[in-house]
Amino acid sequence: MADRVTVIGWDGSPLTDVARSALGAATLVAGAAHHLALPEVPPGAERIRLGSVDLAARRIAQHRGSAVVLADGDPGYFGVVRALRAPEYGLEVEVVPAVSSVAAAFARAGMPWDDAQVVVAHSRDLRRAVNVCRAHPKVAVLTSPGAGPAELALLLGPVHRTFVICEALGTQREQVTVLTSDKAVDHTWRDPNVVIVIGGSGATAARGAPAPGAARGALQVGGWLAGRDPGYPGAVRGWALPAPAYATVLGESESPQMRAAQLARLGPRVGDLVWDIGVGSGAAAVETAGFGAAVIAVDRDPDVCERTEALARRFGVQLQVVHGTAPQILEDLPEPDVVRIGGGGPDVVAACAARRPERIVTHAATRDEAEAVCRALEDGGYAVECALVQCVEMDTRVWAERERAVAFLVCGHRAHL
């Protein structure tokens, strides 16, 4: 094992005395090409091009002497420190941090970032990073080859955002470009880069550029929790709220109790894309978005679509509303993780099952309808659970029944999960 392993963050500024001292004593130096070209790297030290962190870690573990690993930004923030400290290598490391590339990107944009989501994008799971960009008004994306600004923009499709693209931060080739996401597809961007994605309700524009869809005069306040603050102004405490919270009349299948059961089965989370087909009042779509998932709400009624958009603005959540009739309209939508079906019957259930989401949750008013829906799920390769849900709303002033709702709750989940 190496006698000493020091991980040095580099942000383009001169190295600190501590970093210079560690680098001057190194007998092995690992880093990217621009790190190994630094004049402070000892000419006699063994040099390792940092392509695979695992390969470099194994070589460092076998080295006898002092090793230094150079990395961009803060190496403890989505950086090499986690990999080097993996138990299989047995490495104890000292860390000399620098300004993270995310912090530098927001500084270039002149924006605060304690209210931003930060995600790492790889080509194998780019869609999850895109879903976070759909669902949140401010996201920093640490990109990688094959999962850069153009790919982000392509998957966002009609959901327009403002991109602040920071290329080669801290180097002489540094460049910051501000443009709308639809313009990013036709460019070739240099690696490494960080993309700040902003837009939608409550977003704050980068210096010199308006955010598409940003609320004018949005309230700007200091938060207390980094990332998405669940207590942001306008947020409503709780979920599965009663009808007065939405200033509308809920259908029998939209009772708070049924909605709570549906949301429990869906389990929406950050990084998910949820289809809500047949949105009704819009309550389920808005509450799903409140969990941090990206939501595409589909309905054939233009008035319902308009009401759902207004409700999302009032509750301060992001969602995309698509006007059209299922199942035909579903063909061009991006792949869902989970689906809630508020209307459409077995045909829509079968179309959704063909897209292979993890879960499909729906309801039926009659036993015959429930049986047909269950068959469609089973034919699609889903394990099925069905429960008869009955709720009775009471008037506590006289302890009399005010309203009764009865429906079959049906949940299909992929059988191999």
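Residues numbered from 1 in each chain as written. Predicted model: local features only at pLDDT ≥ 70, side-chain atom pairs only at ≥ 80, totals over all residues. Heavy atoms only, no water.

Q: Looking at this structure, I do not really get the side chain of Gln-318. What am I missing?
A: Summarising the element assignment, Gln-318 is placed in the loop between helix H11 (302–315) and strand E13 (320–323). Among the residues examined, Gln-318 registers a relative accessible area of 8% and is labelled buried. (Helix = DSSP H or I, 4+ residues; strand = E, 2+ residues; numbered from the N terminus. Buried < 20%, exposed > 50% of the residue type's maximum accessible area, 1.4 Å probe, protein only.)

Q: Which parts of the structure should I look at to understand the packing of aromatic side chains?
A: Working definition: an aromatic ring pair is given by the centre-to-centre distance plus the angle between the planes. Summed over all chains, the structure comprises 5 aromatic pairs. A centroid spacing of 6.0 Å and a plane angle of 10° characterise the contact between Phe-106 and Trp-113, whose relative ring orientation is stacked. Between the aromatic rings of Tyr-246 and Phe-315, the centroid separation amounts to 5.2 Å while the plane-to-plane angle is 20°, which identifies the pairing as stacked. With Tyr-246 in the loop between strand E10 (193–198) and helix H9 (256–266) and Phe-315 in helix H11, this residue pair connects regions lying 69 residues apart in the sequence. The class for Tyr-246 is buried, based on a relative accessible area of 4%. One aromatic cluster is present, built from ring pairs that chain together Tyr-77, Phe-78, Phe-106 and Trp-113. (Phe/Tyr/Trp six-rings, centres within 6.5 Å; stacked < 30°, edge-to-face > 60°.)

Q: It is not clear to me how helix H10 (residues 283–290) should be interpreted in this structure. Could you clarify?
A: What sets the pattern is the α-helix's 3.6 residues per turn: residues three or four places apart point alike. With 7 of 8 residues buried, H10 is to be regarded as a mostly interior element. By the burial criterion, the buried members of H10 are Ala-283, Ala-284, Ala-285, Val-286, Glu-287, Thr-288 and Ala-289. Buried residues in H10 make contact with H9, strand E11 (273–277), strand E12 (294–299), H11 and strand E14 (338–341). Among the residues trailing H10, Gly-292 stands out with phi positive, at a value near 100°. (Contact = heavy atoms within 4.5 Å.)

Q: Sorry, what's going on with the sheet that holds E13 here?
A: Remark on secondary structure: sheet strands pair via backbone hydrogen bonds, oriented parallel or antiparallel. With respect to topology, 7 strands assemble into an open sheet ordered E13-E12-E11-E14-E15-E17-E16, the strand pairing being mixed. The open sheet has two edge strands with one neighbour each: E13 and strand E16 (382–395). Sheet twist, expressed as the average angle between the axes of neighbouring strands with direction ignored, equals 20°. As defined by bridge partners, strand E15 (residues 359–364) adjoins strand E17 (residues 400–414) across 6 bridges and the pair is classed as antiparallel. Each bridged residue has a counterpart across the sheet, and for Ala-364 the counterpart in E17 is Phe-408. In the packing of helix H6 (residues 126–135) onto the sheet, contacts are made with E11, E12 and E13, and the angle to E12 comes to roughly 70°. Lying on the sheet, helix H13 (residues 367–379) is in contact with E15, E16 and E17; it crosses E17 at an angle near 20°. (Pairing = 2+ DSSP bridges. Axes fitted to C-alpha atoms, helices over the stretch in contact; angles between N-to-C directions.)

Q: What's the story with the sheet that holds E10 in this structure? I'm lost.
A: If you walk across this open sheet you meet the 5 strands as E6-E7-E10-E8-E9, and the pairing is mixed. The open sheet is flanked by strand E6 (117–120) and strand E9 (175–180), the only strands paired with a single partner. The average angle at which neighbouring strand axes cross in this sheet is 20°, direction not considered. Packing against the sheet, helix H7 (residues 149–156) makes contact with strand E7 (138–142), strand E8 (162–167) and E10, and its axis sits at approximately 165° to E8.

Q: Is there a simple way to explain the environment of Glu-401 in this structure?
A: Inspection of the secondary structure assignment puts Glu-401 in strand E17. When sequence neighbours within four positions are dropped, the list of residues in contact with Glu-401 reads Val-392, Glu-393 and Met-394. A polar side-chain atom of Glu-401 sits 2.6 Å from a polar atom in the side chain of Arg-404. (Polar contact = N/O pair within 3.5 Å; in protein donor to acceptor, adjacent residues only side chain to side chain.)

Q: What is the right way to look at the pattern of salt bridges in this model?
A: Pairing is possible between side chains of opposite charge, provided their charged atoms come close. Inspection of the entire model under this criterion finds 20 salt bridges. One salt bridge in this structure joins Asp-272 and Arg-128, with 3.1 Å as the shortest N-O distance. A residue pair is termed long-range when its members are at least 10 positions apart, and Asp-272 in the loop between H9 and E11 and Arg-128 in helix H6 qualify at 144 residues. Owing to a relative accessible area of 29%, Arg-128 belongs among the partly exposed residues under this scheme. Between Glu-371 and Arg-367 there is a salt bridge, and its shortest N-O distance comes to 3.0 Å. Within this pair, Glu-371 and its partner Arg-367 are both found in helix H13, separated by 4 residues, close to a single helical turn. When salt bridges with common partners are traced through the structure, they connect Arg-127, Arg-128, Arg-269, Asp-272 and Asp-337 into a single cluster. (Salt bridge = Lys/Arg side-chain N within 4 Å of Asp/Glu carboxyl O.)

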